[in-house]
Amino acid sequence: MHDVARANVIAATQASVPTGVANICTGRPASLNEVLDALRPHFPPVGPARHAPARAGDIRDSWGRPDRARAELGFAARVELATGLGEWAAGLGRGPVEG
């Protein structure tokens with residue numbers, strides 16, 4: 001959330017920013033297991049991952065390239081995945097649940 005907001009402020013306040021679309025991301029891949037691990041403290045019903053064989057059409061790897069945001073906005077993500085997802089969950093009123 002912080003990175004997206006910061007990128008939007010940069011884009012809105014720089015006179016020389018061209019029109020277009022840029023990925024606001026770290027450029028580093030994250031597995032679904034990493035996403036689940038980051039969300040689990042905020043959503044305790046999230047159980048262990050169930051693994052199944054890949055199906056036709058499944059996307060094995062996918063992540064954004066931040067090249068355009070870096071080149072045109074001077075933007076680089078600062079917030080790590082687990083921190084960002086934790087802030088998002090907190091915004092939903094889902095702080096970490098103890099025990």
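Residues numbered from 1 in each chain as written. Predicted model: local features only at pLDDT ≥ 70, side-chain atom pairs only at ≥ 80, totals over all residues. Heavy atoms only, no water.

A.B. asks: How should the environment of arginine 40 be read in this particular structure?
C.D. replies: Here arginine 40 lies in the loop between helix H2 (32-39) and helix H3 (67-73). Looking at arginine 40, the relative accessible area reads 25%, which means it is partly exposed. Spatially, the C-alpha atoms of arginine 40 and proline 96 are 8.5 Å apart, while their sequence positions differ by 56 residues. Apart from the residues within four sequence positions on either side, arginine 40 is in contact with Val46, Gly47, Pro48 and Ala49. Of note is the side chain of arginine 40, whose polar atom sits 2.7 Å from the side chain of aspartate 37. (Helix = DSSP H or I, 4+ residues; strand = E, 2+ residues; numbered from the N terminus. Buried < 20%, exposed > 50% of the residue type's maximum accessible area, 1.4 Å probe, protein only. Contact = heavy atoms within 4.5 Å. Polar contact = N/O pair within 3.5 Å; in protein donor to acceptor, adjacent residues only side chain to side chain.)

A.B. asks: How should I be thinking about the side chain of aspartate 3 in this particular structure?
C.D. replies: Along the chain, the position of aspartate 3 falls in helix H1 (residues 2-13). What aspartate 3 contacts, discounting residues up to four positions off in sequence, is Ile24, Phe75, Ala77, Arg78 and Val79.

A.B. asks: Can you walk me through the environment of aspartate 58 in this structure?
C.D. replies: Position of aspartate 58 relative to the elements: it lies in the loop between H2 and H3. For the pair formed by aspartate 58 and serine 31, sequence separation is 27 residues and the distance between their alpha carbons is 14 Å. Of note is the side chain of aspartate 58, whose polar atom sits 2.8 Å from the backbone nitrogen of arginine 55.

All quantities given are derived from atomic positions and should not be read as evidence of function.
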